[in-house]
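Coordinate analysis (summary)
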Amino acid sequence: MDAEEKRVLELILKKQKGSADLLGILQEVEGKYGHITRETLSYLSEKLEVPLSTLYHLVTFYRCFHLEPVEKVVKVCVGTTCHLKGGEALYQQVKGSGGYQVEKARCLGCCNTAPALELDGELMSGDAGRERMKEAR
Ligand code: FES
């Protein structure tokens, strides 16, 4: 971990001062770096006085966290509405297209575009997402 990363972590911890919101802290780190390294977890464990196993459990339990860098992530919704509109088929199509880490999600909050997906943090319909992915190749 370099000095810059330590400085950022200190700022996050300072902002969350006195908070027991471990998920909030982890989400900020994930949002900043796109993943959370084991070294970062150890650092946070020491600073927060929280067992490393607790942080590791949270990071491996929730699918929004990554222990390794992930460049391109596609989340395909398989929530109820999207499932009824072909979300699982969309997931299989996108998963087989390569070039992206494909994850399943439960209701992305844009059921009107079902089946929906999230590409690089942007919500869109499955058709728009597939087009965007083709263009990116
Ligand atoms: S069920 Fe897919 S966006 Fe709501």
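Let us look at the overall build of the protein. A count of helices and strands for the protein gives seven helices and four strands. Overall size of the protein, expressed as C-alpha extent along the three principal axes, is 45 × 30 × 25 Å. Evaluated residue by residue, the protein yields a buried proportion of 20% over its 137 residues. Excluding contacts between residues fewer than 6 apart, the proportion of contacts in the protein whose partners are at least 24 apart in sequence is 58%.

How two helices sit against one another is set out by the angle between their axes and by the gap between those axes. Where helix α3 (residues 38-48) contacts helix α4 (residues 52-61), the axes come no closer than 9 Å and their chain directions differ by 130 degrees. Comparing their axes, α4 and α3 come out oblique. The two elements α3 and α4 meet at a crossing, and its hand is right-handed. Side by side, α3 and α4 meet where L41, S42, L44 and S45 of the first sit next to L52, L55, Y56 and V59 of the second. Here the contact of α3 with α4 is composed, by residue class, of six nonpolar, two polar and no charged.

Relative to the assigned elements, L90 resides in helix α6 (residues 87-95). Residue class for L90 comes out buried when judged on the 25 C-beta atoms lying within 10 Å of it. Measuring from C-alpha to C-alpha, the distance between L90 and R132 comes to 14 Å, with 42 residues separating the pair along the chain. Excluding residues within four positions of it along the chain, L90 makes contact with V76, P115, L117 and G126.

Taken domain by domain, the protein comprises domain 1 (3-61) and domain 2 (73-136). In this structure, domain 1 and domain 2 have C-alpha centres spaced 29 Å apart.

Before going further, it helps to examine helix α2 (residues 22-33). Between its terminal C-alpha atoms α2 stretches 17 Å, which fits the 16 Å expected from twelve residues at 1.5 Å a residue. Buried residues of α2: I25, L26 and V29, and no others. Within α2, the buried residues cover an arc of 95 degrees as seen down the axis, which keeps them to one side. On the buried face of α2, the contacting elements are α1 (3-15), α3 and α4. Looking at the residues trailing α2, positive phi occurs at G34, about 80 degrees.

Conventions adopted
- Residues numbered from 1 in each chain as written.
- Predicted model: local features only at pLDDT ≥ 70, side-chain atom pairs only at ≥ 80, totals over all residues.
- Helix = DSSP H or I, 4+ residues; strand = E, 2+ residues; numbered from the N terminus.
- Buried ≥ 20, exposed ≤ 12 C-beta atoms within 10 Å, placed from the backbone.
- Contact = placed C-beta atoms within 7 Å.
- Axes fitted to C-alpha atoms, helices over the stretch in contact; angles between N-to-C directions.
- Parallel < 35°, antiparallel > 145°, perpendicular 65-115°, else oblique.
- Left-handed = near helix turned anticlockwise from the far one by under 90°.
- Nonpolar A, V, L, I, M, F, W, Y, C, P; charged D, E, K, R; others polar.
- Domains from an automatic or database assignment.
- Expected span 1.5 Å × (residues − 1).
- Arc of directions from axis to C-beta.

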